[in-house]
Amino acid sequence: MSTIPATRPPMLATAEALAILLAAARRVEGVETIDTLDALGRVLAADVVSPLDVPPMHTSSMDGYAVRAADLAGASEGQPVALSVSQRVPAGHVAAPLAAGTAARVFTGATVPPGADAVVMQEMANATEDGRVAFAQPPVAGEWITPQGADIRRGSVILPAGTRLTPQALGLAASVGCAALDVVKKTRVAVFFTGDELTMPGEPLREGAIYNSNRFTLRALLAKLGCEVTDLGIVPDRLDATRDTLRRAAREHDLILTCGGVSVGEEDHVKPAVEAEGRISMWQIAMKPGKPLAFGAVRRGDEGEAFFIGLPGNPVSSFCTFLLFVRPFILRLAGVEEVAPRVFSMRADFTQKKGDRRNEFLRARVNDAGGLDIFENQSSAVLTSTVWGDGLIDNPPNHAIVAGEIVRFIPFSELMR
Ligand code: AMP
Ligand code: MG
């Protein structure tokens, strides 16, 4: 993993830091074949190629009558044309060729009999007393017929390798008969939290302590990405304890994610611990919230290394750095090519007189007028802003925002897909 820089670069721009991370990521090893029904959220390891046309035959998209349009060319209100009904074709049944001068009773999803080139919906046809059916206008050729292969052509790639499987994608795979899919093995992530002040909800809060809220946020974010997570809990602010936990975490995991202790204070032991067990680049990223971020690797006995990412402890900082850096990195480990969230241009309905020298990610909300409001308190300790907001405004360094201006908005829905 020579791509992990050994030196300590100065303050990095957000885009630069992301580019370094993504350049270092490589797909985890291992492919498994699983039931299509169980594949939601997994990543395809191989292209899905359709072995057939969908639909496999010309089908009727209405309940009605399949006809030869030419037979009804002269039909009008004054002079309807009546045809005898030569066959009845429900969905799922075989159709015989349509005899000239006759109509076939068909239903939605039924095979259109060979020779028929239009379907007349039943509301436009009248059964006559002698058992025939009358039409008062000529149909348009091709009407109400979904042609064979209209959705998918046989031999085409319907889902390329690297696709994250959505409910729609599972349906598409099933529509060509795929009962099982080859997917990339789940990324194995070990996570732990540093800080003597951390207490688990459910336990009484000692003086000076706070609850370990980040455990809940980060575990849920990892679960959304389909990772296999090992939670090693809270680790005390001690070098030996941090090193021990890192060694445990490196075993059988692709990525070690930590939270807190990545600054350079006396009580921050993550950096020296990772240096002792592997290597690390400490980054000061020119972003707010979230400045410190650590990236590196921890040795795994004699079988390689596990990636390491250390997030800052402040709840909004760890949340934002996860969304902006860890999420795309994890997606790349899973073999996903397209990892960037979509960014929307939206109107700011507020004024922020002073820009920050760092790239700000402001918690904002879409209002009823289709513009953006901003949460009043943008402190990196105020988790309320992340629940109130719908997403982040990506505000470049030194940029003041004037009401009415168009800003870059990244919805949380994009960052949590
Ligand atoms: P640190 O990055 O360890 O310097 O922590 C920065 C701030 O985040 C401190 O106020 C910590 O108490 C707080 N913090 C650290 N870890 C967590 C956590 N897991 N949950 C909530 N707050 C935390
Ligand atoms: Mg700490």
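Residues numbered from 1 in each chain as written. Chains lettered and ligands numbered in written order. Predicted model: local features only at pLDDT ≥ 70, side-chain atom pairs only at ≥ 80, totals over all residues.

K.L.:
Explanation requested: the sheet that holds strand E9 (residues 132-135) in the structure shown.
P.N.:
By definition, the strands of a sheet pair up through backbone hydrogen bonds, in either a parallel or an antiparallel sense. The strand order across the open sheet formed by six strands is E7-E4-E6-E5-E9-E8, and the pairing between neighbours is mixed. Bordering the open sheet on either side are strand E7 (118-121) and strand E8 (125-127), each of which pairs with just one other strand. Taking each pair of neighbouring strands and ignoring which way they run, the sheet shows an average axis angle of 40°. Here strand E5 (residues 81-89) runs beside E9; their pairing, made up of four bridges, is antiparallel. If you follow Val 81 over to E9, its bridge partner there is Phe 135. (Pairing = 2+ DSSP bridges. Helix = DSSP H or I, 4+ residues; strand = E, 2+ residues; numbered from the N terminus. Axes fitted to C-alpha atoms, helices over the stretch in contact; angles between N-to-C directions.)

K.L.:
Is there a simple way to think about the UniProt feature "domain: MoaB/Mog" (unreviewed entry) in the protein chain in this case?
P.N.:
Residues given the UniProt feature "domain: MoaB/Mog" (unreviewed entry) here are residues 190-332. As a span, residues 190-332 carries 35% helix and 32% strand, and end to end its C-alpha atoms are 17 Å apart. (UniProt positions renumbered as here; feature names shortened; annotations may be inferred.)

K.L.:
Looking at this structure, I do not really get the domain arrangement of the protein chain. What am I missing?
P.N.:
Note: interface size is frequently given as the accessible area lost on complex formation between the parts. Domain annotation for the protein chain reports domain 1 (14-29 + 185-333), domain 2 (35-53 + 155-184), domain 3 (59-146) and domain 4 (344-415). Centre-to-centre, using C-alpha coordinates, domain 1 lies 66 Å away from domain 3. (Domains from an automatic or database assignment.)

K.L.:
Whenever I open this one, the environment of Asn 395 confuses me. Can you help?
P.N.:
With respect to the helices, strands and loops of the structure, Asn 395 is situated in strand E25 (residues 391-395). The exposure class of Asn 395 is buried, given the 23 C-beta atoms found within 10 Å. Contact partners of Asn 395, with chain neighbours within four places excluded, come to Glu 360, Leu 362, Ile 401 and Val 407. (Buried ≥ 20, exposed ≤ 12 C-beta atoms within 10 Å, placed from the backbone. Contact = placed C-beta atoms within 7 Å.)

K.L.:
Which parts of the structure should I look at to understand the site of ligand 1?
P.N.:
Looking at ligand 1, there are 17 residues lining it, with Phe 193, Asn 214, Gly 260, Gly 313 and Asn 314 nearest. Across the shell around ligand 1, the residue classes break down as six nonpolar, nine polar and two charged. (Near = placed C-beta within 6 Å. Nonpolar A, V, L, I, M, F, W, Y, C, P; charged D, E, K, R; others polar.)

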